Each structure stands twice: as C-alpha cells, then as structure tokens.
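# Observations on chain architecture
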Amino acid sequence: MKKARITVLGAGNVGATTANRLAESHLGEVVLVDVVEGMPQGKALDLAQAAALVGRDCVVAGADDYRATAASDVIVVTAGFACRSRMSRDDLRDANAAIVAECVRRVVKHSRDAVIVVVTNPLDAMCEVARRASSFPPERIVGMSGVLDAARMRVGIAAAMGVSVDSVSALVLGSQDFVATPMGVRVRRQHGVERGFVGDGTDVDRIRVFGLHEHEPEVCVLLRQHVQHGDELGCC
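Just so it is clear, the model here is predicted, and its values are computed rather than measured. (Residues numbered from 1 in each chain as written. Predicted model: local features only at pLDDT ≥ 70, side-chain atom pairs only at ≥ 80, totals over all residues. Heavy atoms only, no water.)

So, about the overall build of the chain. Helix and strand counts for the chain come out as seven helices and nine strands. Across the 236 residues in the chain, those meeting the buried criterion constitute 42%. (Helix = DSSP H or I, 4+ residues; strand = E, 2+ residues; numbered from the N terminus. Buried < 20%, exposed > 50% of the residue type's maximum accessible area, 1.4 Å probe, protein only.)

Structure below.
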C-alpha cells in the first residue's frame, strides 16, 4: 500500500515539531520545506535519527526546492511569523498573508489534489488566503484552531481542578480571539460523577475567553467553583 506523502511548509519550532509527530506516528512520508538553505535538510536528518532511537522506521526529507514536495497528499502550512510583543492580530495578518500566499502558490503547482491544513496565525484569515492562492475548493482547506483551543481549555481546567487531563473533554468553536466560544465542557469526577458546562446564559462572557492564555486561570476558577457547588449549566 502506498504511503501518504505529507509536506510541512516551514521548518521552525512548530513545523519541525509537526514533522516529528507525523513521522513518529507513521502517518506517511514527510517532506520538511523552508527557505533557509540547509536548515530543513539538517532538521529532517535529526528527526529521522531521533526516530530510530525510539524504534520508529520513518522517512523524513528536507528541502528548499518545492519540486521535492511533488504528489503530496497533505500540505501543512506553518510558515510565517509568530505574534510578537505589541503586535495586533491585524499586524500579524498583514505580515503573514504574503508569506502564506507565496508558499501555497508554489507548493500546489506540484500537488493539485492535496488537502491543505493551515496552522499559521491568524488562522481563519490564513485559511482564506490559502484558499484564494490555491484555488482549491473550501472543503480541502482545513484550519486547526478549534483543536488547539480545546486542548488549551482541557489542560487549564485539569490543572485548576487537580484532575487528569484525560478526565476533561471540551469543544471550542470560532476564531482564535475574543470570539472563540466554548460550546461545552465535561469533567469526569470520582465515582463516575460527571459535570457538564456550556458557554451560554449569564456566564457566556466569562467562559468565552478560553483559548486566550492570560484569561485561562480566571475561567478555570469559575468552572471549579461550579463543580465544587454541584452546579449544572448543561452538558456538551
């Protein structure tokens, strides 16, 4: 059976970590691409050698030439700037739009049937940039903000309540900003007791802010108080 071919655009911290997880999960052959000459090749070699230490037989290649990505099944876009101090989301959008558009235009020339997974922020805007640059149908452009925000929410609640993260489930919808909205949280307590919460009613403004690091502790306290008092705000 033919292995999937996965291209990761951007060999920075996020791109290299993504390539590592993909390779060690045996999801397919991985191609790591970056404009910095020699860097993706070096990181790809490091990842392949590290995988051997943990008994993973995987193929990871590095390239600065987009021809090496030909016939990719999945393209993961991590290229771009991280949000810097005093940088607004609009500033970040303007800085990353040109980078994402150029990367996508170049890579899809060699992989017209791929699915694009966008990681670069601000995510919703970059998904639209990728759609326009690729001319792909919307169903082949995927963003990951809901998954990331839900993971942040689970970790924050688990830490605040002193429970395993495996005991917390969450669903977050919306862009990664002040309109990110938790649709529900479920915390499994001792003896199989469950508490559920949804972001509606009088608490929506306080619960809404999950996914934003500076507000997570306050929201965790709110949810912890509800669980300790046995309150039910609904279930997800």
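The next point concerns the confidence of the model for the chain. Residue-level pLDDT values for the chain average 80, and 77% of them are 70 or greater. Low confidence marks residues 198-220, where pLDDT is under 50. Its contacts with residues over four positions away, or in another chain, come to 48 contacts. Scored below 50 in pLDDT, residues 226-236 makes 31 contacts in the model with residues more than four places away or belonging to other chains. (pLDDT = per-residue confidence, 0-100. Contact = heavy atoms within 4.5 Å.)

On to the packing of helix H3 (residues 89-108) against helix H4 (residues 123-134). Here H3 crosses H4 at 30°, and the two axes come no closer than 8 Å. By the angle class used here, H3 and H4 are roughly parallel. Considering the relative orientation of H3 and H4, their crossing is right-handed. Contact residues: Arg89, Arg93, Asn96, Ala97, Val100, Ala101, Val104, Arg105 and Val108 in H3; Leu123, Ala125, Met126, Val129, Ala130, Ala133 and Ser134 in H4. When the residues that make up the contact of H3 with H4 are grouped by side-chain class, the tally is eleven nonpolar, two polar and three charged. (Axes fitted to C-alpha atoms, helices over the stretch in contact; angles between N-to-C directions. Parallel < 35°, antiparallel > 145°, perpendicular 65-115°, else oblique. Left-handed = near helix turned anticlockwise from the far one by under 90°. Nonpolar A, V, L, I, M, F, W, Y, C, P; charged D, E, K, R; others polar.)

Another aspect to go through is the pattern of salt bridges. For side chains of opposite charge, pairing can occur when their charged atoms come near one another. Within the structure shown, the criterion is met by eight salt bridges. Here Glu29 ties to Arg5 by a salt bridge, and the two come within 3.4 Å at their closest N and O atoms. One end of the pair, Glu29, is in strand E2 (residues 29-33); the other, Arg5, is in strand E1 (residues 5-9), with 24 residues separating them in the sequence. A salt bridge links Arg105 to Glu102; its shortest N-O distance comes to 3.6 Å. One end of the pair is Arg105 and the other is Glu102, both in helix H3 and three residues apart, which spans about a single turn. Look at Glu102 and you get partly exposed, because its relative accessible area is 36%. The network of salt bridges with shared partners includes Asp90, Arg93 and Asp94. (Salt bridge = Lys/Arg side-chain N within 4 Å of Asp/Glu carboxyl O.)

This part is about the sheet that holds strand E3 (residues 60-63). Within a sheet, each strand pairs with its neighbour through backbone hydrogen bonds, oriented either parallel or antiparallel. Read across the open sheet, the six strands follow the order E3-E2-E1-E4-E5-E6; overall the sheet is parallel. The open sheet has two free edges, formed respectively by E3 and strand E6 (141-143), since each of these has just one partner strand. Along the sheet, successive strands turn relative to each other by an average axial angle of 20°, direction set aside. In this sheet, E6 lies alongside strand E5 (residues 115-118) in parallel orientation, the contact comprising three bridges. (Pairing = 2+ DSSP bridges.)

You can see Ala133 is positioned in helix H4. Look at Ala133 and you get buried, because its relative accessible area is 16%. Note: C-alpha distance between Ala133 and Glu102 (31 residues apart in sequence) is 7.7 Å. When sequence neighbours within four positions are dropped, the list of residues in contact with Ala133 reads Ala101, Val104 and Arg105.

Across its 20 residues, H3 extends 27 Å between first and last C-alpha, which sits within 8% of the 28 Å expected from 1.5 Å per residue. At Asn96, H3 is deflected by roughly 35°, the largest bend along its length. For H3, the full list of buried residues reads Leu92, Asn96, Val100, Ala101, Cys103, Val104, Val107 and Val108. Those residues of H3 that are buried lie in contact with E1, strand E4 (74-77), E5 and H4. (Expected span 1.5 Å × (residues − 1). Bend = angle between axes of the 7 residues up to and from the residue.)

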